[in-house]
Amino acid sequence: MRVLILVALALAGFAVVPVLFGEYGIFLGAEILIFILFALAFNLMLGHGGLVSFGHAAYFAIAAYGLAILLTTYSWPLGLAFPAAVLMSTAVAVLVGYFCVRLTAIYFAMLTLAFSQLVWAIAFKADFTGGDEGFVGVAIPAWLTQPVAFYYVTFAVVVLCSAILWVIVHSAFGRILRATRENPQRAEFLGVPVRRVRLVTFVLSGTFTGVAGALFTLLNRAVFVEFAWWTKSAEVLIMSILGGVGSFFGPALGAAALILLDRQITEVTEYWPTVLGIILLVVLFFLPDGLIGLFKKRKPDA
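Notes on the structure in this doc start here. Bear in mind that the values here come from a model prediction, so they are computed numbers and not experimental data.

About the criteria used
- Residue positions are given per chain, counted from 1 along the sequence in the order it is written.
- Two thresholds apply to this predicted model, a pLDDT of at least 70 for residue-level local features and 80 or more for giving and counting side-chain atom pairs, whereas whole-chain, interface and lining totals are computed over all residues.
- For the side-chain quantities, the full set of heavy atoms in the structure was used; hydrogens and water were omitted.
- Put simply, two rings from Phe, Tyr or Trp (the six-membered ring, in Trp's case) pair if the centres are within 6.5 Å, and we call them stacked under 30 degrees between planes, edge-to-face over 60, tilted for the rest.
- Put simply, DSSP H or I for four residues or longer makes a helix, DSSP E for two residues or longer makes a strand, and each gets a number counted from the N terminus.
- Think of it in three bands: residues with accessible area under 20% of the maximum for their type are buried, residues over 50% are exposed, and the middle band is partly exposed, with areas taken using a 1.4 Å probe on protein chains only.
- Think of it as a cone above the ring: NZ of Lys or CZ of Arg counts as a charge over the ring if it is within 6 Å of the ring centre and within 35 degrees of the ring normal.
- A helix is expected to span 1.5 Å for every residue after the first.

We now examine the packing of aromatic side chains. In the structure shown here, the tally under the stated rule is 18 aromatic pairs. When the centroid spacing of 5.3 Å and the interplanar angle of 80° are considered together, the rings of Phe-35 and Phe-216 count as edge-to-face. Here the residue Phe-35 occupies a position in helix α3 (residues 23-46), and Phe-216 occupies one in helix α10 (residues 194-220), the gap between them amounting to 181 residues. The class of Phe-35 is buried, set by a relative accessible area of 2%. Between Trp-166 and Phe-248, the ring centres sit 5.4 Å apart and the planes meet at 85°, which makes this aromatic pair edge-to-face. Here the residue Trp-166 occupies a position in helix α7 (residues 147-169), and Phe-248 occupies one in the loop between α11 (230-243) and α12 (250-265), the gap between them amounting to 82 residues. Note on Phe-248: relative accessible area 8%, which makes it buried. By the ring-pair criterion, three or more aromatic residues cluster together here, those being Phe-35, Phe-38, Phe-60, Phe-216, Phe-224 and Phe-227. Taking NZ or CZ as reference, Arg-102 lies 4.3 Å from the ring centre of Tyr-98, over its face.

Once that is clear, we can look at unusual backbone geometry. At Ala-105, a position not held by glycine, the phi torsion is positive, near 55°. Looking at the secondary structure, you find Ala-105 in helix α6 (residues 105-125). Look at Arg-221: it is not a glycine, yet its phi comes out positive at around 55°. Assignment of secondary structure puts Arg-221 in the loop between α10 and β2 (222-223). You can call Arg-221 partly exposed: its relative accessible area is 36%.

Right, let's get into α10. For an α-helix the count is 3.6 residues per turn, leaving residues at separations of three or four pointing the same way. Compared with the 39 Å implied by 1.5 Å per residue over 27 residues, the 39 Å span of α10 between its first and last C-alpha is a close match. Counted residue by residue, α10 has 21 buried out of 27 residues, so it is predominantly covered. Just past α10, the residue Arg-221 takes up positive phi, approximately 55°.

See the structure below:
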C-alpha cells in the first residue's frame, strides 16, 4: 500500500511538472520519465527473469537512430516512423535473443555485451548514422517542439508502457518467468519451455527499451554513438540496483534518483563517479531491497 501511494503521488507530481517548473524542469522531467521506462523494461529481464544483460543499450540506440533516420533522411511521418523504429529494436532483439537465451549466467551477459558492441561499431563507422559526430538536427514535427506538448506525450507513452509491463509481470506469464528465475531446471521438468519464455522476455524488454530510445531522440533532437556504448547499459543496471530489482517500481525510483543526483552533484564536484560508488556501497550493504525498501513496511523482530 505504501508503494502504491508513492506511485500515485509520483504520477500526480509528474503531471504538474509543466505547471510548476520552467523549460529546464520540463526537459529534466521528460528525461526522467524516459529513463524510468528504460529501467522498467530492463528490469523485466533482470529482476523478474534473473537475466543480466550488459548490452541493452543496443536496443535503445537502434530505435533512436532508426527514428532519426526515418524522420530526417526519408521524411516519414511520426505516426509511421515511431512504431517502425521500435519494430527495428524488436527485430534485432529477436535475432540476438535467439542466440543469447541458449547460454546462462556470465556467458549470457557477455554475449549480450558482444552484440551491443557490434551495434556500437556500426553506429561509429557508418555514414548513415553520422559516425562519431552523431546524427544531429532530427526533423521532428513542429507541434512536438513545444516543451509542454512533448512532455505530456512522453508522460502518456511512459504511463501506458509501464501499465503494460505491470500487467505482464503480474500475469500468468510473469509467474512462469519468476519460476524460471528461481529454478530453471525444476521449471523445465514441469514442462515450462524455459528458453522460449526467456526469449519472449528478451524481446519484450528490447521492444520497450526501443520505445524509450525513440522518445530520447525526440527529446534531444539528436542521436550520438554514446547511446550504444556499454556504459549506457551499465547506467540502467545501476538504476535498477539502486532502486531495487526485487520490486516492479524499484527501478523507476532508481532512475529518478540517479538522474537527479547526477545533476545536483556534478554542480558541486567533478568526482560524481566516486560519490556514486559510495552511494551504491551504502545501498548494497544497508538497503538490500534498494531505495524502494525504505517505503516498505518492516516486519517486527521476533
